[in-house]
Amino acid sequence: MLIERCDPSLTKASTAERSSDHGQAGREGWGRTLSTRHQLIWVGIDAGKGHHWAVDISSRPSALLLTLLLAHGQPVVYIPGKTVNRMTGAYLGEGKTDAKDARVIADLARLRRDFRPIAPSVELTSGLQLLVGYRQDLIADRVQLINRLREILVGICPALERAFEYRKRPGLVLLTGYQTPAAIRRMGVKRLADWLARRNIRTAVVFAERAVEAAASQHTALPGEGLAAKLVKELADRILELDERIKENEQAITALFRTDERAEIIESLPGMGQILGAEFLAIVGDMSTHKDAGHLAAHAGLAPVPRDSGRRTNNLHRPKHYNRRLRHIFYMSAHVSMTLPGPSQEYYCKKRGEGLIHTQAVLSLARRRVDVLWAMLRDKRLFTTAPPVPVSA
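Below you will find a few notes about this structure.

Quick notes on the rules
- Per chain, the residues get numbers from 1 upward, laid out in the order the sequence is written.
- A pLDDT threshold of at least 70 governs which residues receive local features in this predicted model, and a stricter bar of 80 or more applies before side-chain atom pairs are shown or counted, although totals over entire chains, interfaces and linings include all residues.
- Heavy atoms from the whole structure form the basis of all side-chain values; hydrogens and water molecules are not counted.
- Here a Phe, Tyr or Trp ring, Trp counted by its six-membered ring, pairs with any other such ring whose centre lies within 6.5 Å, and the pair is stacked when the planes are under 30 degrees apart, edge-to-face when over 60, and tilted otherwise.
- Relative accessibility decides the category of a residue: with a 1.4 Å probe and only protein chains considered, values under 20% of the type maximum give buried, values over 50% give exposed, and everything between is partly exposed.
- Note on geometry: a ring has a charge over it if NZ (lysine) or CZ (arginine) is within 6 Å of the ring centre and within 35 degrees of the ring normal.
- Convention adopted: a line fitted to C-alpha atoms gives each axis, helices being fitted over their contacting stretch, and angles between N-to-C directions are expressed from 0 to 180 degrees.
- Helix and strand assignments follow DSSP, with helices taken as H or I runs no shorter than four residues and strands as E runs no shorter than two, numbered in order from the N terminus.
- To sort the angles, those under 35 degrees are grouped as roughly parallel, those over 145 as roughly antiparallel, those from 65 to 115 as roughly perpendicular, and the leftovers as oblique.
- We call two residues in contact whenever any of their non-hydrogen atoms come within 4.5 Å of each other.
- Gly is placed with the polar residues, together with every amino acid not listed as nonpolar (Ala, Val, Leu, Ile, Met, Phe, Trp, Tyr, Cys and Pro) or charged (Asp, Glu, Lys and Arg).
- Take a side-chain nitrogen of Lys or Arg and a carboxyl oxygen of Asp or Glu: if they are within 4 Å of each other, that pair is a salt bridge.
- Residue types Ala, Val, Leu, Ile, Met, Phe, Trp, Tyr and Cys, when buried and joined through side-chain atoms within 4.5 Å, form a set referred to as a nonpolar core.
- For a helix, the expected span equals 1.5 Å multiplied by the number of residues minus one.
- Points on a 1 Å grid over protein atoms alone make up a cavity when a 1.4 Å probe fits among them but cannot get out, and a pocket when they form an open set with protein on both sides within 12 Å along at least five of seven lines; lining residues each have an atom within 4 Å of a point.
- Grid points are joined across faces, edges and corners, and a volume is the space filled by probe spheres set on the points.
- As used here, the arc is the angular range of directions from the helix axis to the C-beta atoms.
- For this analysis, a polar contact is any N or O atom pair within 3.5 Å, provided that within protein one partner can donate a hydrogen and the other can accept it, and provided that sequence-adjacent residues contribute only side-chain to side-chain pairs.

### Regarding the packing of aromatic side chains
All chains considered together, the criterion is met by 4 aromatic pairs. Centroid distance Phe164 to Tyr166: 6.2 Å. Interplanar angle 55 degrees. Geometry classified as tilted. Accessibility expressed as a relative area gives 1% for Tyr166, which makes it buried. Taken together, the aromatic side chains of Phe164, Tyr166 and Phe207 make up a single cluster linked through ring pairs. When the ring centre of Tyr322 is taken as origin, the NZ or CZ atom of Arg324, which lies over that ring, is 4.0 Å away.

Given below as structure tokens:
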């Protein structure tokens, strides 16, 4: 992070924003650079016109710097870290220092004027980014715990591990009470079904029969079964607790998402629910940085890029640099919409009829839906299956 016209001493100090914190020495260094960093920010702000700022971090770690700069009308552009890393190879030496990175960022900001400017972040966008990011962390923790649970459970009873889908509640509730084949056999179908029913498990008899059948297939106690059973119970409890936290988080996301006037428009598009819509707004913000639907599609990696050379023209390829999460949003919404009767399903079937495989057809549908969503947000209209009536001049 730096001012474009800066001397080397300012350049090195201004990158203290990215300094790491290693133990007590790191904390002391962070404290010593704090006042210096603030002084440099105010030096740049007070300098007024003729100064440009460039950052290679636009997320929460740089929130203070960006807020101060944008509040005082300072122009700030974002330079991707991958671009900085590749440009570093053009400089002398293999060493990596904050001063060298800052000089690379400054030179890139001078050479190119097409980097994305950073706009002030509104409260809604910041809130959605925090909640959506936290939800992704919770889901990642849940997946890790489920994998660990299955790994331990297969060492107790492989048949029991195969009997249930542990991403769902019934199997997890069963494991909070009974983890070994012997314990499940002692309970029997009727008592186990009553135990599950008291814990609000639907069709408890079906799950009880499945569990007892799996337990009846093994009468051998494996080594370490007692300790493994305790770990399985603990993991099942933690997963169920995570489910509640994810549910609360999704309720908060939905409530905040629906405070935006665009929420109703986004939700009217088949396949775009509250969570996907909230993730979409968290990434694109007010969409001021997207000039048209093609620009939004390029951001999502749904617009092919040319690789022409000499007489080879119209050589289009899939892009390598795009927002993976935004692409996932459009892909998932297209995948859901193609299962519903309507224009999306008809377009998907048309592409399959042209010889495209499933993934290609869904991506083609996702690209088309980018145009539809863009037009809906531009015109502030809800989605309808009937084409809009052209307005006469």
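### Digging into the packing of helix α9 (residues 181-197) against helix α10 (residues 204-216)
Close contact between α9 and α10 brings their axes to 8 Å; oriented N to C, the two are set at 175 degrees. It follows from the interaxial angle that α9 and α10 lie roughly antiparallel. The residues of α10 that touch α9, namely those facing Pro181, Ile184, Arg185, Gly188, Val189, Leu192, Ala193, Leu196 and Ala197, are Ala204, Val205, Phe207, Ala208, Glu209, Ala211, Val212, Ala215 and Ala216. Considered class by class, the residues forming the contact of α9 with α10 number 15 nonpolar, 1 polar and 2 charged.

### Let's talk about the pattern of salt bridges
Taken as a whole and judged by the stated rule, the model has 18 salt bridges. The salt bridge partner of Arg142 is Asp243, with a shortest N-O separation of 2.4 Å. A residue pair is termed long-range when its members are at least 10 positions apart, and Arg142 in helix α6 (residues 123-153) and Asp243 in helix α11 (residues 225-257) qualify at 101 residues. The buried category is assigned to Arg142, whose relative accessible area is 14%. Between Asp379 and Arg381 there is a salt bridge whose closest N-O contact spans 3.9 Å. By relative accessible area, which is 36% here, Asp379 ends up partly exposed. Relative accessible area serves as the criterion here: at 31%, Arg381 is assigned to the partly exposed category. What emerges from the salt-bridge pattern is a single network uniting Arg135, Glu250, Glu279 and Arg325.

### Concerning the nonpolar core
Ranked by internal contacts, the top residues of the largest apolar core, which has 42 residues, are Leu149, Leu160, Leu192 and Leu196. Sorting the residues of this core by element identifies α6, α7 (158-163), α8 (169-177), α9, α10 and α11 as the ones contributing at least two each. Counting residues per element, this core draws most heavily on α11, at 9 residues. Residues Ile275, Phe280, Ala282 and Ala300 belong to the second largest nonpolar core, which totals 40 residues.

### Brief notes about the environment of Arg191
With respect to the element layout, Arg191 can be found in helix α9. Of the residues examined, Arg191 reaches a relative accessible area of 51% and is grouped as exposed. As a C-alpha pair, Arg191 and Val205 span 14 residues in sequence and 9.6 Å in three-dimensional space.

### Details of unusual backbone geometry
The phi dihedral of Asn200 falls on the positive side, at around 60 degrees, and the residue is not glycine. Along the polypeptide, Asn200 turns up in the loop between α9 and α10. Phi is positive for Thr203, which is not a glycine, with a value near 45 degrees. The topology assignment puts Thr203 in the loop between α9 and α10.

### A short note on the environment of Glu225
Tracing the backbone shows Glu225 in helix α11. Taking the C-alpha atoms as reference, Glu225 lies 9.3 Å from Leu153; in sequence the two are 72 residues apart.

### So, helix α17 (residues 358-379)
With 22 residues, α17 ought to run about 32 Å at 1.5 Å a step, and its terminal C-alpha atoms sit 32 Å apart, in line with that. Turning to α17, its buried residues number three or more, namely Ala361, Val362, Ser364, Leu365, Ala366, Arg369, Val370, Leu373, Trp374, Ala375, Met376 and Leu377. Contacts from the buried residues of α17 go to α12 (263-268), α13 (274-284), α14 (293-299), α15 (324-337) and α16 (343-353). Of the residues trailing α17, Lys380 is marked for its positive phi of about 55 degrees.

### Some thoughts on the layout of surface pockets
The volume enclosed by the largest pocket comes to roughly 2100 Å³. Lining the largest pocket are 49 residues, with Ser58, Tyr78, Arg116, Ile283 and His299 sitting closest to its centre. Secondary structure elements with two or more residues in the lining of the largest pocket: α3 (63-71), α4 (81-88), β4 (116-117), α6, α13, α14 and α15. Per-element accounting of the lining of the largest pocket gives the leading share, 8 residues, to α6. Taken together, the residues that form the lining of the largest pocket break down as 18 nonpolar, 18 polar and 13 charged. As a volume, the second largest pocket reaches approximately 390 Å³. As for the second largest pocket, its lining consists of 18 residues, and the residues nearest its centre are Pro343, Val372, Phe383, Thr384 and Thr385. By residue number, the principal contributor to the lining of the second largest pocket is α17, which donates 6 residues. Its residues placed into classes, the lining of the second largest pocket shows 12 nonpolar, 3 polar and 3 charged.

### Looking at α15
The terminal C-alpha atoms of α15 lie 20 Å apart, and with 14 residues this matches the ideal 20 Å at 1.5 Å per residue to within 8%. Listing the buried residues of α15 in full gives Leu326, Arg327, Ile329, Phe330, Ser333, Ala334 and Ser337. Down the axis of α15, the sector holding all buried residues measures 155 degrees, keeping them to one side. On its buried side, α15 packs onto α13, α14, α16 and α17. Capping of α15 at its N-terminal end is provided by Asn323; its side-chain oxygen lies 3.0 Å from the backbone amide nitrogen of Arg325.

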